[in-house]
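# Structural description and commentary
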Amino acid sequence: MSEPVVPDSNIGRDAAAISAPPDAIAAAESGLLEVRGLIKRFGGVVAVNALDMTVRAGDVHALIGPNGSGKTTTLNVISGLYRADGGSIRFDGVEIAGRAAHAIASGGIARTFQNIRLFGELSVLDNVMIGRHVRTRVSFVSALFPGGATAREERETRERALDLLRFVGLESAAGAAARSLPYGDQRRVEIARALASEPRLLLLDEPAAGMNPAETDTLVALLRGIRERGATLLLIEHDMNLVMSVSDTITVLNFGQHIAEGPPSAIARNPDVITAYLGGTLDAA
Amino acid sequence: MGGRRALWIAGIIGVAALLPVFVHSDYVLTLLDLAGIYAIAVMGLGILLGFTGQMSLAQAAFLGIGAYTSAWFTTHLGWPVWPAMAAAIVMSALVGLAVGYPCLRLSGHYLALATIGFGIIAQLVLINWKAVTNGSDGITGIPPPQIGPWVLDTYGKYYYLVLAAVLLCAYIAWRIKTTRVGRALHAIRENEIAARATGIDATRYKIIAFVLAGAYAGLAGSLLAHDIKFISPDSYSFDQSVVFLVMLILGGSSSISGAIIGALLLTMLPEVLRPLKSSYIMVYGAAVIAMIVFMPQGLVGLFSALRTRFEPRTPPRASAPAGLSNTPSAAGAPGAEPA
Amino acid sequence: MHVDPVANMQLLVSGLAIGSIYALVALGFVLIYNAVGVVNFAQGEFVMFPSYIAVTFLLPATAVFGTIVHWQLPVLIVYALVLVLMVGFGLLFNRIAYHPLRDRGWLPVVISTIGVSIFLRNAAQITWGSQPIVMPSLFTVDTIAAGPLHIRPQDLLIIGVTALLIAFQYFLFERTTLGKQMRATAQDRTTARLIGIRVGRIVSITFVYSALLGTISGLLVAPLFTVTKEMGGLIALKAFAASIVGGFGSIPGAIVGGLAIGVIETFGGFYVSSSYVDAIAFIILIGVLLFKPSGLFGERVTEKA
């Protein structure tokens, strides 16, 4: 898979002038996450170009596109790791573009990373307990007085983390160093850590990457379980079988721009999407 | 924490408390006082480097700021020792804040160098700001602390003050380490980006770590000043900062007991190695290299590795059970729901 | 303030000379950093140790382990001998302080190089004592007159040799296969290995080259000061500061940063405060870190999310 050449910035600016696709505007009222005209540049390269996307509450929403189409960049901007160069991101009606990553996380958006980012030397349990950071309060000062509220909160944190490890099927690995786990398990630890913050929106960057078919099946079941719990999912994924089977809505990106959005059945037949994948069939991507 | 471990700690504290009853040599007590004071500075460095992963090669400079603050308040302004000690802690913590804030954007080598630069500047100030520091001659006649009528003027009495301070500092470090704040600090050390995406305000927590490291060093510096009653700039050099770093790494960088053991060993080692005379420091340098090559987790890591080796019943929480759980179990994931 | 153009010219020349030394040592830092991604905190001992070896063979009499020896040899033979010894030193250093830790991140390497530094300083003290030793100059006069200026010939030698070395390095990196392999390794070790470059060998060569740069700086600077176990420490720290001021990892940055710090420090020591002259480099450093962390020539690097 070769990296497509990103168009030069002038083309990007022209395209930015084109108004948002009508279907995006129509869906706007019910969106938990509303991305409008989002722009992210790296030097002269426009990685995300006037992107519009609406993620409805309760949906599993997939963001797909060829390599280098700006999917991960979009996730990084939404989660506040990159600063947007233009456009708006509203989460539950509140503008979050420009906020610090930790503030966005405590506002209810959690994420996982394409290249897994665990706290490797720490135990699996600690990783998930850290995920509860935004839902807990013990401060430097109150930590010095054990017992009472401090002890209660610490105990609760531990119990909820263990519950989540059970949920992702990793309770037996709670004491192991996160880095010692096999790849697929590390991905599940990352998901458990993200869930620990009780997010309303969970961003997953290629959760199935590097997984074998059995692990992918487990993942699909897990994603459905997460959705049952009421979280909304926005995921980037290359495994088209997975995308087609779990998604309610798919947004297709190419060269940082939105080229299609709709339910899986419509996306699979969309000629623009097929062209974007260089004439290949979708499940070959 | 298991009851057995609590018993061990209680036992060690008991032995430490009884030491001056059996040890009457001022020489040994001086060394123990010094080791305890260094242990406090090393624990502070442990919070910054061991917990949070932020390198500092200026811990000795913070010690110096504490020592000079305490000395100046008692000898120039005639303050009693306790408020001067509090002032020393506050002053070092504030300087920690002032140094930590601009260093936030730095990490790794850059941070190491920026802190070295700060340490060198601090030492030059101590040497040249004669009105306050009395230059290279240092400050003499620093009073000993006093509890009611009881003056802590012997090394044996001072030992109890140092012991209490070490225990208090270890307790604080342990509480931080094992609760939410400590987990946040560890998360920053392990992966700052993931920590931020998990909702941890990395900026705030890094500053907390710098301030705590400064406060610990400030207390250590004040204790040192009132212990030896004379201070001069050469005790707070870059080389001393390196010694603190080595104490920490030798003990095991994120371990509190390791910091204390490291400080104790490396304060005693020169005395044990006295027969080597001048080549002692050379051996010390070689030992540092050997340690870091052969003992990556420090002494504490070495101990626990030995323990797991000789106690086969210790549950091996390695990757084995995790590997087995690889099969699709997905508890809590109910039946399929078509999209 | 009275400004004296002659004094300023003289300050400029000495500033450029000491700055050249910083630049050479900074190059040593940058080359190692580019090759292996760690900073060598024993770089100063790459300056100090060869200086001691050189004086042992240059002076009619030196005390080694408290015994007076008379090993005086001709200057060129001594220089050649020191350079050869330092090739071995560079190889050994790589083998002991870097190679065993190459997969363990930067901190263990920093600590092991600090260990080497402690070891060498004290080995030097044991071997040669704690008295400063004066290295004989190549020149018979202290200063030469050029019009109203009085300039130290050693300063001119330093500037000249540094210019030659920089030209040599440019040639090495731009025109030779070895230089291109070194650059490729610096850019991307994995790819370098894939295209058949023996990365381990390139790393060894880098350490040797860096040791030789230190050696030459030591031989050049020692006649201006004295040979002591501390001589390399501060030079190395300032050179490291210079490399960050210039833009860490950038070769032109190391050169310009070194020269700039040498000149500013010399003027600052003369006009502002001679007590704080050693702080100047670090004040500049902290200013640069605060306001332009990428340095003069560096590219802004942010970690990829």
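The coordinates are above.
Parameters and conventions
- What you see as residue numbers is a count from 1 along each chain, following the sequence as written.
- Chains carry letters and ligands carry numbers; both start at the beginning, A for chains and 1 for ligands, and go up in the order they are written.
- Note on the predicted model: pLDDT of at least 70 is required for a residue's local features to be given, and 80 or more for side-chain atom pairs to be given and counted; whole-chain, interface and lining totals, by contrast, use all residues.
- Per the convention used, a helix needs a DSSP run of H or I reaching at least four residues, while a strand needs a run of E reaching at least two, with both numbered from the N terminus.
- Only C-alpha atoms enter the radius of gyration, while the globule expectation follows 2.2 Å times N to the 0.38, with N the number of residues.
- Using C-beta atoms placed from the backbone, we call a residue buried if 20 or more other C-beta atoms fall within 10 Å of its own, exposed if 12 or fewer do, and partly exposed for counts in between.
- Here the rule is simple: two strands pair whenever DSSP picks up at least two bridges between them.
- Angles run from 0 to 180 degrees between N-to-C directions of axes, and those axes are lines fitted to C-alpha atoms, restricted for helices to the stretch in contact.
- Residues are scored as being in contact if the C-beta atoms we place from backbone atoms lie within 7 Å.
- Given the number of residues in a helix, its expected span is that number minus one, multiplied by 1.5 Å.
- Nonpolar residues are Ala, Val, Leu, Ile, Met, Phe, Trp, Tyr, Cys and Pro. Charged residues are Asp, Glu, Lys and Arg, and all others, Gly as well, are polar.

### Describing the overall build of chain C
Assigned secondary structure in chain C consists of eleven helices and four strands. In summary, chain C has a C-alpha radius of gyration of 20 Å against a globular reference of 19 Å for 305 residues, a match within 12%. Taking the principal axes of the C-alpha coordinates as reference, chain C spans close to 55 × 50 × 35 Å. Every one of the 305 residues in chain C was classed for burial, and the buried ones make up 49%.

### Observations regarding the overall build of chain A
A tally of helices and strands in chain A yields twelve helices and ten strands. A buried classification covers 52% of the 285 residues belonging to chain A.

### Some words on the pairing of strand β2 (residues 45-56) of chain A
All names here are of chain A. Most of β2 is tucked away, with ten of its twelve residues classed as buried. Across eight bridges, the pairing between strand β1 (residues 31-42) and β2 is antiparallel. Opposite arginine 41, over in β2, you have valine 46 as the bridge partner. Hairpin connection from β1 to β2: two residues lie between these consecutive antiparallel strands, with glycine 43 at a positive phi of about 60°.

### Focus: the environment of Thr140(B)
Residue and element names in this part refer to chain B. Topologically, threonine 140 is positioned in the loop between α6 (130-133) and β1 (146-147). The class for threonine 140 is exposed, based on 12 C-beta atoms found within 10 Å. Once the C-alpha coordinates of threonine 140 and phenylalanine 230 are considered, the two residues, 90 residues apart in sequence, prove to be 4.6 Å apart.

### Notes on the pairing of strand β7 (residues 201-205) of chain A
Residue and element names in this part refer to chain A. Here β7 lies mainly inside the structure; five of its five residues are buried. In β7, alternate side chains face the same way, and those of Leu201, Leu203 and Asp205 on one face and Leu202 and Leu204 on the other are all buried. In terms of strand pairing, strand β6 (residues 109-111) meets β7 through three bridges, oriented parallel. Looking at the pairing, alanine 110 lines up with leucine 202 of β7. Direction of pairing for β7 relative to strand β8 (residues 232-236): parallel, over a ladder of five bridges.

### Re the sheet that holds β8(A)
Residues and elements named next belong to chain A. Reading across from one edge, β6-β7-β8-β3-β9-β10 is the order of the six strands in this open sheet, with mixed pairing throughout. Each edge of the sheet is formed by a strand with only one pairing partner; in this case those strands are β6 and β10 (257-262). For this sheet, the mean angle separating the axes of adjacent strands, direction not counted, is 20°. Contacts from helix α3 (residues 71-78) reach β3 (60-64), β6, β7, β8 and β9 (249-254), with the element oriented near 145° to β7. Sitting on the sheet, helix α9 (residues 213-228) is in contact with β3, β7 and β8, with an inclination near 150° to β8.

### What about the sheet that holds β2(A)?
All names here are of chain A. The sheet built from four strands is open, its strands ordered β2-β1-β4-β5 with antiparallel pairing. At either end of the open sheet lies a strand with only one pairing partner, and these are β2 and β5 (94-95). α3 rests against β1, β2 and β4 (86-91) of the sheet, and its axis sits at about 70° to β2.

### A short note on helix α10 (residues 202-228) of chain B
Residues and elements named next belong to chain B. If you check α10, its first and last C-alpha atoms are 39 Å apart, about what 27 residues at 1.5 Å a residue would give, namely 39 Å. Buried residues dominate α10, accounting for 23 of its 27 residues. Where α10 terminates, the next one or two residues include lysine 229, which has phi positive at roughly 65°.

### What about the interface of chain A and chain B?
Contact residues are listed per partner, giving 57 residues for chain A and 39 residues for chain B. Contributions of two or more residues to the side of chain A that touches chain B are made by α4 (101-106), α5 (124-131), α6 (140-143), α7 (148-168), α8 (183-196), α9 and α10 (240-246) of chain A. Considering every element that reaches the side of chain A that touches chain B, the biggest residue donor is α9(A), with eight residues. Considering only residue class, the side of chain A that touches chain B consists of 26 nonpolar, 19 polar and twelve charged.

### Some thoughts on the environment of Gln43(C)
Residues and elements named next belong to chain C. The residue glutamine 43 is located in the loop between α1 (5-36) and α2 (45-58) in this model. Owing to 27 C-beta atoms within 10 Å, glutamine 43 belongs among the buried residues under this scheme. Taking the C-alpha atoms as reference, glutamine 43 lies 22 Å from phenylalanine 297; in sequence the two are 254 residues apart. The contacts of glutamine 43, once residues within four sequence positions are left out, are Val25, Gly28, Phe29, Gly214 and Ala236.

### Here's the deal with unusual backbone geometry
Residues and elements named next belong to chain A. Notably, aspartate 92 is not glycine yet its phi reads approximately 55°, a positive angle. The residue aspartate 92 is located in the loop between β4 and β5 in this model. In this model, phenylalanine 255 sits at a positive phi of 50°, which is unusual for a non-glycine residue. By the element assignment, phenylalanine 255 lies in the loop between β9 and β10. Given 22 C-beta atoms within a 10 Å radius, phenylalanine 255 is considered buried.

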